[in-house]
Amino acid sequence: MTSRRIEAESLVRFAKKVSFPAILAIPLIGGALAASWSSAETAQAGVEPSVRIAPQAPVATPAVVSPVEASPVEAPATPKITASAASAPSQSPGVLQQAALTPGDESAGAGEAALESQFAEQAVEEIEPEPATVVREITVVPGDTLMSLLVDAGAERVQAHQAATAMEPVYSARRLRPGQEIKVAFADTGDGEPGPLLAINFRPNRERDIEISRSSATDEFFAEAIDRPVARQLAYAEGSIASSLSVAANKVKVPNPVLVEAIRAFSYDVDFQREIQKGDSFEFLYEIFVDEEGALVRTGDLLFAAMTLSGSRTELFYYERADGNADFFTPKGASVRRSLMRTPIDGARLSSGFGMRKHPVLGYSKMHRGTDFAAPRGTPVYAAGNGVVDFAGRKGSYGNYVRLRHGSTYQTAYAHMKSIAKGITKGGRVKQGQIIGYVGTTGRSTGPHLHYEVMVSGKQVNPLKVTLPRGDKLKESEMVDFADRRGEVERQLALAQGGVLMVQRACEERTEVVEQGSAMGDDC
């Protein structure tokens, strides 16, 4: 006990000679000495001291020392330190977590009591709470810009410009459309006036959110596009045709992109103006993507289409080949695609066929060497097949006119168009289904329509009756995979016809059977 008293007195004399911060370190040094003394005694007695973690005084260098469990020691100068989640205090940046001995003898207990008394009211850095905000909702109207919207909402021009600039790499402000709703958050000043601009949030479509934000008024803005979870579902539709396929499909709510794809797939073999009769029927199996609320986000591929015309059923299966090219094939693997389309326009009405007729403008009978399809002005006109542009421009009574060459035998021509599509120039190459122009009424015409001609070896023929060669057939090596895909589609069709569908959740790679038309669950 004598040596302890001498060491303590020496420590006090030393403390008088050092600065105040050093004095604050004395309890730490004393604690270490106390730990050493207590360890020596308890080691001699064969008893390990129990230790708990307690917050101590702040030190000059900020640091966080996590509580750890040390292994038992053999040297008497180092006590065993143990800590549990229940006894360890929470840590704050800049606060040193230090170990103090629990009562093991009188000296240890006195040291701990002195420490607790001296630093009971020490300052601890606290986590700053989120600043209060004021949120304003604004709606884009024609003529608005993002800058004007933010300034009108109460943002300073500099901050509005910084936010708009940060957003540009993620989403262009020029893509904002009338009716778009935007939420703008400002710091709450407490006096009713908006403080610094903190965040902008809006949803340009059902698939993603755009957010521009910063933590405080002194930080820079950060923009990000946040994808929203969607689920892939298979939708099935069937119906009986009373007047037209379009009317029947709309009645059972078939999305327009799916209907257009089906018409295009069958257009190589079916004359939708003349061959459709009352009592004919159709079936479609196609992909849709829905959000968390079950609302349609977008449509996917048409996987299967069937039409029964005058009692004859035709089935088509969508199949993507190994080279990435996709098409519709018959159950035997023959492509439906022919070298030319009979009707290079969607949703049009056949207004005049090929042959002699009384000319609607000239008033006398004249040979009509093409087929007319009446359609609203601006309806897209497609290239009937792969080929090269022979002519593109104004051509007398034809008005705006395009002629394509398909190999050495076939040519097609398109007249009276409102305008020719960008990039369609003489000598250029086009692909089947590519937009080459838009329906109009230029030249000698009484109303908006497409005049379509097919020429075989330079002679104009009836586009609806000419025999056209078939497209490719799947190779023998591809037929095995095609048969597997077709079998899967047929299984899904059987489920759909029984009132259930296979649903592939987009956020998880798993498939499950659900009632037809059900939406994505919350577990996604």
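Calculation criteria
- Residues numbered from 1 in each chain as written.
- Predicted model: local features only at pLDDT ≥ 70, side-chain atom pairs only at ≥ 80, totals over all residues.
- Heavy atoms only, no water.
- Helix = DSSP H or I, 4+ residues; strand = E, 2+ residues; numbered from the N terminus.
- Buried < 20%, exposed > 50% of the residue type's maximum accessible area, 1.4 Å probe, protein only.
- Contact = heavy atoms within 4.5 Å.
- Areas by Shrake-Rupley, 256 points an atom, 1.4 Å probe, with all protein chains shown as cover.
- Core = buried A, V, L, I, M, F, W, Y, C linked by side-chain atoms within 4.5 Å.
- Salt bridge = Lys/Arg side-chain N within 4 Å of Asp/Glu carboxyl O.
- Arc of directions from axis to C-beta.
- Patch = residues over 30% accessible without salt bridge, like charges linked within 9 Å, V, L, I, M, F, W, Y side chains within 5 Å.
- Lys, Arg positive; Asp, Glu negative; His and termini not counted.
- Charge placed at Lys NZ, Arg CZ, Asp CG, Glu CD.
- Pairing = 2+ DSSP bridges.
- Axes fitted to C-alpha atoms, helices over the stretch in contact; angles between N-to-C directions.
- Phe/Tyr/Trp six-rings, centres within 6.5 Å; stacked < 30°, edge-to-face > 60°.
- Lys NZ or Arg CZ within 6 Å of the ring centre and 35° of its normal.
- Polar contact = N/O pair within 3.5 Å; in protein donor to acceptor, adjacent residues only side chain to side chain.

A. Fine view of the overall build of the chain. The number of helices and strands found in the chain is 9 helices and 26 strands. Counting across all 524 residues of the chain, residues that qualify as buried make up 38%. Taking all contacts inside the chain whose residues are at least 6 apart in sequence as the whole, residues at least 24 apart take part in 61%. A total accessible area of about 28,900 Å² is found for the chain, and carbon and sulfur atoms account for 51% of it.

B. Representation of the nonpolar core within the structure. Leu245, Phe284, Met307, Tyr414 and Ile436 are the most contacted members of the largest nonpolar core, which totals 55 residues. Of the residues forming this core, the biggest block, 6 residues, is contributed by helix 8 (residues 256-266). Setting aside residues no more than four positions away along its own chain, Ile436 makes contact with Val381, Tyr382, Ala383, Val402, Leu404, Tyr414, Ile420, Ala421, Ile424 and Val430. In terms of nonpolar packing, the next biggest core, distinct from the first, is built from 23 residues, Leu150, Ala160, Tyr171 and Ile200 among them.

C. Highlighting the pattern of salt bridges. All told, the structure shown has 16 salt bridges when counted by the stated rule. Across the salt bridge formed by Arg337 and Asp327, the nearest N and O atoms sit 3.0 Å from each other. Remark: Asp327 occurs in strand 12 (residues 326-329) and Arg337 occurs in the loop between strand 12 and strand 13 (349-352); sequence separation between them is 10 residues. Look at Arg337 and you get partly exposed, because its relative accessible area is 30%.

D. Highlighting helix 8. For helix 8, every residue scored as buried is listed here: Val258, Leu259, Ala262, Ile263, Ala265 and Phe266. In a view along the axis of helix 8, the buried residues occupy a sector of 160°, so they form one face of it. Packed against the buried residues of helix 8 are helix 7 (245-251), strand 9 (281-290), strand 10 (296-309), strand 11 (312-320) and strand 12.

E. Examining a negative patch on the surface more closely. Together, Glu261, Asp301, Glu320 and Asp323 line one region of the surface with negative charge. With respect to the helices, strands and loops of the structure, Glu261 is situated in helix 8.

F. Seen up close, helix 6 (residues 157-167). Considered for burial, the residues of helix 6 that qualify are Gln159, Ala160, Ala163, Ala164 and Met167. Along the axis of helix 6, the buried positions cluster into a sector of 135°, meaning they face one direction only. Opposite its buried face, helix 6 presents the exposed residues Arg157 and Val158, each directed more than 90 degrees away. Taken together, the buried residues of helix 6 touch helix 5 (146-153), strand 5 (194-205), strand 6 (208-213) and strand 7 (222-227).

G. Layout of the sheet that holds strand 4 (residues 181-188). Within the open sheet, the 5 strands sit side by side as 3-4-5-6-7. Their pairing is antiparallel. The strands lining the two open edges of the sheet, one partner per strand, are strand 3 (133-139) and strand 7. Taken over all neighbouring pairs, the strand axes of this sheet differ in orientation by 20° on average, direction set aside. Here 6 bridges tie strand 4 to strand 5, and the two strands are oriented antiparallel to one another. In the sheet register, Val184 faces strand 5, and the bridge partner there is Ile200. Sitting on the sheet, helix 6 touches strand 5, strand 6 and strand 7, and the angle it makes with strand 5 is about 30°.

H. Structural detail: the packing of aromatic side chains. Going through the model one piece at a time under the given rule, you end up with 11 aromatic pairs. Ring geometry for Tyr414 and Tyr452: centres 5.5 Å apart, planes at 35°, overall tilted. Of this pair, Tyr414 sits in strand 20 (residues 410-420) while Tyr452 sits in strand 23 (residues 449-456), and the two are 38 residues apart along the sequence. Pairwise contacts between aromatic rings join Phe304, Phe317, Tyr319, Phe329 and Phe482 into one cluster. Taking the ring centre of Phe289 as reference, the NZ or CZ of Arg298 above it sits at 4.1 Å. Note that Lys395 overlies the ring of Phe391, its terminal NZ or CZ placed 5.5 Å from the centroid.

I. The pairing of strand 8 (residues 231-240), seen in detail. Among the 10 residues of strand 8, 7 are classified as buried, and the element is accordingly described as predominantly covered. Pairing geometry for strand 8 and strand 9, over 10 bridges, is antiparallel. By the bridge assignment for strand 9, Tyr236 is matched with Leu285.

J. Expanded view of unusual backbone geometry. You will see that Ser310, though not glycine, has its phi angle at about 55°, which is positive. Structurally, Ser310 is set in the loop between strand 10 and strand 11.

K. Molecular detail of the environment of Arg232. Here Arg232 lies in strand 8. Taking the C-alpha atoms as reference points, Arg232 and Val297, 65 residues apart in sequence, are found 9.9 Å from one another. In terms of polar contacts, Arg232 uses its side chain to reach the side chain of Glu287, at 2.7 Å.

L. Geometry of the environment of Arg177. Checked against the element boundaries, Arg177 lands in the loop between helix 6 and strand 4. Sequence separation between Arg177 and Pro204 is 27 residues, and the spatial gap between their C-alpha atoms is 8.8 Å. Only 3.0 Å separates the side chain of Arg177 from the backbone oxygen of Arg174, close enough to count as a polar contact.

As far as function goes, none of this settles anything; it's purely spatial.
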